[in-house]
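Chain by chain, the residues:
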Amino acid sequence: MKRHLTFVFLLICTLQLSALAQKRVLDPQVLLRDVQILSADSMAGRLSGTEGNRMAQEYIEKRFSEIGLQTYNNSYRHTFRLESRGLVVEEAVNLTGFIPGKTDKALVLTAHYDHVGERKGEIYNGADDNASGVGALLAAAAYFKKNKPYYTLVFAALDGEELGLQGANAFLENSPIALDLIQLNVNMDMLSLNDKGELYASGSYHYPALLPLLQQVKPRPQARVLTGHDRPEQGKNDWTRQSDHYQFHKRQIPFIYFGVEDHPHYHKPTDVYENINPTFYPDAAALVIDFVQLLNKKRPSLRATGSTTGS
Ligand SMILES: [Zn+2]
């Protein structure tokens, strides 16, 4: 009898462990290290066209290569010219790689890696905005490299967001894949700082076919998905035009934008690694991966249902 009970106990332990293992979609230490490196003082706020920005490019390129993303035209680097309020950057750089799926239809995952640089001698490190999105982008790439997706997944770390969403515009103007193959843009911008465990998924107002899928994303211990911040009557709290996803939306390509509510460190020198939330952030990044995985399983017909508003 005692032996029997021991066996049952061990069986339960094993089942629980495997349930935990199933849920683990990323390594929090790797995720946090990526953010720490990208938001270090040495990168000096990663303003487009600066040495710090170039260092961030090199780091992301190295990580894409370690993870094993494929290249378009033999390079992750795609350069474009950027102009904003007197600042000219001859060689702004988007970094793009992909994992082939079972279909050419693609999901484009984006996160901008640039930030606002230095002002009056102070570094704006941009840990949450948006080293955190890039960290999650890398974690998603590593996950889907090991778990073959149905859709082809394009991973784009974009430049020039802070200067008018110009990296996203350049990506779409010169897209490595036909725009009508893009089923959805999943944009990540500020994922690491929220005290209430709330990660917003914005965009289902424009693309209602995505709402049931977002509602199926199971909460994780430290973070859960809320929908909203996408209605025109919300004024400044409508995030439709706030980050790179707007360039996709303008071209009638559906988007979901993941991000947190504004916080006191937003666009301040205090947006540093030490101020991100090390328990919320890994779960928030995992929720984005859960959503992309759900899309690969359920394959909703997104372009057919279309946009309600267009721009
Ligand atoms: Zn941002």
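If you're wondering where the values come from, they're calculated on a predicted model, not measured in any experiment.

Draft legend 1. Representation of the nonpolar core in the model. Core analysis: the biggest nonpolar cluster contains 71 residues, and Phe 64, Leu 109, Phe 155, Leu 184, Leu 199, Phe 258 and Phe 291 have the highest contact counts within it. The biggest single contributor to this core is helix α8 (residues 280-298), with 12 residues. Each residue touching Phe 155, except ones within four places of it in the same chain, is listed here: Phe 64, Leu 69, Leu 95, Thr 96, Gly 97, Phe 98, Ile 99, Leu 109, Leu 137, Ala 140 and Ala 141. Of all hydrophobic cores here, the second largest spans 14 residues; its members include Tyr 72, Ala 106, Ile 177 and Ile 253.

Draft legend 2. Local environment of the coordination of the zinc ion. The protein atoms donating to the zinc ion are His 112 (NE2), Asp 129 (OD), Asp 189 (OD) and Asp 189 (OD), with metal-donor distances spanning 2.0 to 2.6 Å. The motif formed by the donor residues of the zinc ion, counted along the single chain, is H-x16-D-x59-D. In this pair, His 112 is assigned in strand β3 (residues 106-112) and Asp 189 in the loop between β7 (182-188) and β8 (198-202), connecting sequence segments 77 residues apart. Classification of Asp 189 as buried rests on a relative accessible area of 4%.

Draft legend 3. Representation of helix α5 (residues 166-173) within the structure. Of all the 8 residues making up α5, 6 are buried; the element is thus mostly covered by neighbouring parts of the structure. Buried within α5 are the following residues: Gln 166, Gly 167, Ala 168, Ala 170, Phe 171 and Leu 172. On its buried face, α5 is in contact with β1 (77-84), β2 (87-99), β3, β6 (152-158), β7 and α7 (245-250).

Draft legend 4. Local environment of the packing of aromatic side chains. Taken as a whole, this structure holds 9 aromatic pairs when the rule is applied. Between Tyr 143 and Phe 144, the ring centres sit 4.9 Å apart and the planes meet at 90°, which makes this aromatic pair edge-to-face. Ring centres of Tyr 200 and Trp 239 lie 5.7 Å apart, and the angle between their planes is 80°; this geometry places the pair in the edge-to-face category. Placement of the pair is Tyr 200 in strand β8 and Trp 239 in the loop between β9 (224-227) and α7, with a sequence separation of 39 residues. Across this residue pair, the class does not change: Tyr 200 and Trp 239 are buried.

Draft legend 5. Spotlight on the sheet that holds β8. Strands sit in the order β1-β2-β6-β3-β7-β10-β8-β9 across an open sheet of 8 strands; the sheet is mixed. The open sheet terminates on both sides in strands that have one partner only, identified here as β1 and β9. Along the sheet, successive strands turn relative to each other by an average axial angle of 25°, direction set aside. The pairing of β1 with β2 spans 7 bridges and is classified as antiparallel. Note that in β2 the partner of Phe 80 across the bridge is Ala 92. α5 contacts β1, β2, β3, β6 and β7 of the sheet and is inclined by roughly 130° relative to β1. Most of the contacts of α8 go to β7, to which it runs at about 175°, and overall it touches β3, β6, β7, β8, β9 and β10 (255-259).

Draft legend 6. Inspection of the pairing of β10 at higher detail. The buried fraction of β10 amounts to 5 of the 5 residues, a majority that puts the element mostly inside the structure. Side chains Phe 255, Tyr 257 and Gly 259 project from β10 onto one buried face, and the interleaved Ile 256 and Phe 258 project onto a second face that is buried too. Sheet topology note: the β7/β10 ladder contains 4 bridges and is parallel. Across the sheet, the residue bridging to Met 188 is Phe 258, located in β10. Note that β8 and β10 share 3 bridges and pair antiparallel. Across the sheet, the residue bridging to Ala 201 is Phe 258, located in β10.

Draft legend 7. View of the pattern of salt bridges. Within this structure, the stated rule accounts for 14 salt bridges. The partner of Arg 63 in a salt bridge is Glu 66, and the shortest N-O contact between them spans 2.9 Å. Here the residue Arg 63 and the residue Glu 66 both occupy positions in helix α3 (residues 51-67), the gap between them amounting to 3 residues, near one helical turn. Among the residues examined, Arg 63 registers a relative accessible area of 6% and is labelled buried. Notably, a salt bridge pairs Arg 220 with Asp 290, separated by 2.8 Å at the nearest N-O pair. Pair noted here: Arg 220 is in the loop between α6 (211-216) and β9 and Asp 290 is in helix α8, with a separation of 70 residues, a long-range link.

Draft legend 8. Inspection of the packing of helix α2 (residues 28-38) against α3 at higher detail. One can describe the packing of α2 onto α3 by two numbers: an axis separation of 10 Å at closest approach and a directional angle of 155°. When the interaxial angle is binned, α2 and α3 end up roughly antiparallel. Two secondary-structure elements touch here, α2 through Val 30, Arg 33, Asp 34, Ile 37 and Leu 38 and α3 through Ala 56, Tyr 59, Ile 60 and Arg 63. Counted by class, the contact of α2 with α3 contains 6 nonpolar, no polar and 3 charged residues.

Here is what the cut-offs are and how they apply
Residues numbered from 1 in each chain as written. Predicted model: local features only at pLDDT ≥ 70, side-chain atom pairs only at ≥ 80, totals over all residues. Heavy atoms only, no water. Core = buried A, V, L, I, M, F, W, Y, C linked by side-chain atoms within 4.5 Å. Buried < 20%, exposed > 50% of the residue type's maximum accessible area, 1.4 Å probe, protein only. Helix = DSSP H or I, 4+ residues; strand = E, 2+ residues; numbered from the N terminus. Contact = heavy atoms within 4.5 Å. Donors = N, O, S within 2.8 Å, 3.2 Å for Na, K, Ca; no water. Phe/Tyr/Trp six-rings, centres within 6.5 Å; stacked < 30°, edge-to-face > 60°. Pairing = 2+ DSSP bridges. Axes fitted to C-alpha atoms, helices over the stretch in contact; angles between N-to-C directions. Salt bridge = Lys/Arg side-chain N within 4 Å of Asp/Glu carboxyl O. Parallel < 35°, antiparallel > 145°, perpendicular 65-115°, else oblique. Nonpolar A, V, L, I, M, F, W, Y, C, P; charged D, E, K, R; others polar.

Worth remembering: the numbers are spatial, not functional.
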